[in-house]
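Given next are the chains, with one letter for each unit.
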Amino acid sequence: MHILTQENSIASYFLAQLRDVTVQKDSMRFRRNLERLGEIMAYEISKTLPFSPKKVQTPLAETTVNLPIEFPVLATVLRAGLPFHHGFLNYFDASESAFVAAYRIEKTHDLQIQVDYMTSVSLENKILLLVDPMLATGKSLALTYQAMLRFGVPRETHIAAAVASPEGVAHIQQELPNVKLWLGALDEKLNEFSYIIPGLGDAGNLAYGAKL
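Conventions adopted
- Sequence order as written defines residue numbering, which begins from 1 separately in each chain.
- Reporting of local features is limited, given that this is a predicted model, to residues whose pLDDT is at least 70; pairs of side-chain atoms are given and counted only at 80 or more, and all residues count toward the totals for whole chains, interfaces and linings.
- To get the side-chain values, take all heavy atoms of the structure and skip hydrogens and water.
- Burial status follows relative accessibility: with a 1.4 Å probe on protein chains alone, a residue under 20% of its type maximum counts as buried, one over 50% as exposed, and anything between as partly exposed.
- Strands are runs of DSSP state E lasting at least two residues, helices are runs of H or I lasting at least four, and both sets are numbered from the N terminus onward.
- Only strands joined by at least two bridges in the DSSP assignment are considered to pair.
- Viewed with both strands pointing away, a crossover whose connecting path from the first strand over the helix to the second turns clockwise is right-handed.
- Stacked, tilted and edge-to-face are the three classes assigned to paired rings of Phe, Tyr and Trp, where Trp is represented by its six-membered ring and a pair needs centres within 6.5 Å; plane angles under 30 degrees give stacked, over 60 edge-to-face, the rest tilted.

Per an unreviewed UniProt entry, the chain goes by Uracil phosphoribosyltransferase and derives from Adhaeribacter terreus.

Structure below.
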């Protein structure tokens, strides 16, 4: 498990703005900060990709550089995941994409997750990167992964989240023990309504407006 904010970097600045109630009211800035955080996480994840040397001709000479030989399939949970996804896609610009509509059924202490829609390229023997700003209970991401197996079994899977709870991390590690986790921050706990504390609020509402 890799946690960005365990080391000092500009990621802490973007994450602080995502959390700050005086800044997050600006939905354009909120979306941009999610995008920026996605870009930084994409850079870190890129270090784990397979690379091979390739010859490149400059105007003056030929040189050899190490280039990635494969880009991950980027799978995103709608709607909050869209700006986060865009940040990853800015860096993994040769990646294919998948989209999933999964949501939590509110007004109940017995949290339920509904997966309504998904579309994906083949995942068979590919690298899958599942991105969602919030890893709260971990149930939606675990169910999403299991549902996506209809498109093939990836040989390697990464999950990236801006903010996570210890309970959500534990659930993912139990249900998907071979998945690699990438977090912006690991927060204190979930409250009685399964919201991350201190968290940052409802990422989807902050990015796109309060849903009815």
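### Some details on the pairing of strand β10 (residues 180-186)
Among the 7 residues in β10, 5 count as buried, and that is most of the element. Relative to β10, strand β1 (residues 2-3) runs parallel, the two sharing 2 bridges. Residue pairing in the sheet places Ile3 in a bridge with Leu183 of β10. In this view, the connection linking strand β9 (residues 156-164) to its parallel neighbour β10 by way of helix α5 (residues 166-175) has right-handed handedness.

### A short note on the packing of aromatic side chains
As enumerated under the stated definition, the model contains 3 aromatic pairs in all. On the numbers, 6.2 Å between centres and 80° between planes, the contact of Phe71 with Phe92 is edge-to-face. Separated by 21 residues along the polypeptide, Phe71 in the loop between β3 (62-68) and β4 (73-78) and Phe92 in the loop between α3 (81-91) and β5 (97-105) bring together distant segments of the chain. Using a relative accessible area of 2% as the deciding quantity, one classes Phe92 as buried.

### Things to note about unusual backbone geometry
A cis amide bond, omega -5°, links Leu78 with the succeeding residue Arg79. For Arg79, the location among the structural elements is in the loop between β4 and α3. Pro198 follows Ile197 through a cis peptide bond whose omega is 0°. Counting through the fold element by element, Pro198 comes out in the loop between β12 (196-197) and α6 (203-208). One non-glycine residue, Ser194, lies in the positive phi region at around 65°. Turning to its location among the elements, Ser194 is positioned in the loop between β11 (189-190) and β12. Assessed through its relative accessible area of 13%, Ser194 is described here as buried.

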